[in-house]
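Secondary and tertiary structure notes
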Amino acid sequence: MKSIAVFASGTGTNFEAIQKAIEDHQLEASIECVVSDHRDAKVVEKAQQKNIEVFAFDPKSYPSKKDYEKEIVTLLDSKKVDLVVLAGYMRLCGEVLLNAYEGKIINIHPSLLPAFKGKDAIGQAIDYGVKVMGVTIHYVDSGMDSGKIIAQRSFDVEEGLSREEIEASIHAIEHVLYPSVIQKLLEEMK
Ligand code: GRF
């Protein structure tokens, strides 16, 4: 059984989708830990409810990114994590994490990269008036949403859709695509 770690800063609907795919035997893996840079994030509560170990930290309480990433790497190593899955983790990975888990960190982003990198990608795309939107899963490097693309899914934006409806479409895609891509990557590691 392969081990994954989920990093998240917010609501954690992707965490829930990944956990559900595991429970439904669609994803052969176990979430060994959840890492969050917000102690009061909803994802922390959701992970605790599932009895998954949580490392929730306040970045400001460390002298540098290196210091908290060293602690994270020690935790990931102790859990023998095969794949680090960023799911709404709102921080760039630094060299300590990238060097330790090179090629083993992936992210999901709510746009068709390389368009609309960074924060509020959905808002950026709506403001731009794009007619096709989507989701990208990519490897993580030191840049912002800049690593090699693994998978993308798109959909047509019908006239008059509200932001909430667009967000719902994006999430619906993410919650199916992310577990299936994780499964594929873990199978390739066997
Ligand atoms: C997702 O839309 C993901 O693409 C982006 O952050 C959001 C996280 O949502 N990186 P959630 O916390 O999983 O609900």
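As a starting point, this report considers the structure included with it. Note that the structure is a prediction, hence the values are computed from the model and not measured. (Residues numbered from 1 in each chain as written. Predicted model: local features only at pLDDT ≥ 70, side-chain atom pairs only at ≥ 80, totals over all residues. Heavy atoms only, no water.)

Here's the deal with the site of the ligand
We count it as follows: Nearness of a residue to a molecule or strand requires only that one of the residue's heavy atoms be within 4 Å of it. Contacts described as polar in this section are N or O atom pairs within 3.5 Å, which, within protein, must combine one atom able to donate a hydrogen with one able to accept it, while residues neighboring in sequence count only if both atoms come from side chains. Under the DSSP-based scheme used, a helix requires at least four consecutive residues in state H or I and a strand at least two consecutive residues in state E, with every element numbered from the N terminus. Residue type decides the class: Asp, Glu, Lys and Arg count as charged, Ala, Val, Leu, Ile, Met, Phe, Trp, Tyr, Cys and Pro as nonpolar, and the leftover types, Gly among them, as polar.
Taken together, the neighbourhood of the ligand is formed by Thr11, Gly12, Thr13, Asn14, Gly88, Ile108, His109, Pro110, His171 and Glu174. Between the ligand and Thr11 there is a distance of 3.4 Å, counted from an oxygen atom to a backbone nitrogen or oxygen. One of the backbone N or O atoms of Pro110 is found 3.5 Å from an oxygen atom in the ligand. For the shell around the ligand, the secondary structure elements donating two or more residues are helix H1 (13-23), strand S5 (105-109) and helix H6 (163-189). Grouping the constituent residues of the shell around the ligand by class yields two nonpolar, seven polar and one charged.

Examining the environment of Lys66
Stated formally: Each residue is assigned to one of three classes by its accessible area relative to the maximum for its type, calculated with a 1.4 Å probe on protein chains only: buried under 20%, partly exposed between the two thresholds, exposed over 50%. Should any heavy atoms of two residues lie within 4.5 Å, those residues are counted as being in contact.
Its location among the elements puts Lys66 in helix H3 (residues 65-78). Accessibility expressed as a relative area gives 43% for Lys66, which makes it partly exposed. Sequence separation of Lys66 and Phe116 is 50 residues, and the distance between their C-alpha atoms is 28 Å. Beyond its immediate stretch of four places on either side in the chain, Lys66 contacts Glu95 and Val96.

Let's talk about unusual backbone geometry
Omega for the peptide link from Leu113 to Pro114 comes to 15 degrees, which places this bond in the cis form. With respect to the element layout, Pro114 can be found in the loop between S5 and helix H5 (121-128). For His25, which is not glycine, the phi torsion reads 60 degrees and is therefore positive. Looking at the secondary structure, you find His25 in the loop between H1 and strand S2 (29-36).

Section: the sheet that holds strand S4 (residues 83-86)
Which entries qualify depends on this criterion: One requirement defines pairing of two strands: DSSP has to find at least two bridges between them. As a rule, the C-alpha atoms of each element are fitted with a line to give its axis, helices using only the stretch in contact, and angles between N-to-C directions run from 0 to 180 degrees.
Pairing within the open sheet is mixed, and its seven strands lie in the order S3-S2-S1-S4-S5-S6-S7. With partners counted over all chains shown, the strands left at the sheet margins are strand S3 (53-56) and strand S7 (149-156), one partner each. Averaged over all neighbouring strand pairs, the angle between strand axes comes to 20 degrees, with direction disregarded. Pairing of strand S6 (residues 132-139) with S7 involves seven bridges; the strand directions are antiparallel.

Overview of the pattern of salt bridges
We count it as follows: For salt bridges, the criterion is a side-chain nitrogen of Lys or Arg within 4 Å of an Asp or Glu carboxyl oxygen.
Counted by the stated rule, this structure contains nine salt bridges. Linking Glu167 and Arg163 is a salt bridge whose minimum nitrogen-to-oxygen distance equals 2.8 Å. Taken together, the residues Glu167 and Arg163, both in helix H6 and four residues apart, mark about one turn of the helix. Taking the relative accessible area as the measure of exposure, Glu167 reaches 25% and is therefore partly exposed. Of the residues examined, Arg163 reaches a relative accessible area of 33% and is grouped as partly exposed. Salt bridges linked by common partners bring Asp120, Arg163 and Glu167 together as one network.

Some details on H6
The periodicity of an α-helix, 3.6 residues per turn, causes residues three or four positions apart to be oriented the same way. Basically, it comes down to this: Given a helix with a known number of residues, its expected span is that number minus one, times 1.5 Å.
With 27 residues, H6 extends 38 Å from end C-alpha to end C-alpha; this agrees with the ideal 39 Å at 1.5 Å per step. Among the residues of H6, those classed as buried are Ile166, Ile170, Ile173, Glu174, Leu177, Tyr178, Pro179, Val181, Ile182, Gln183, Leu185 and Leu186.

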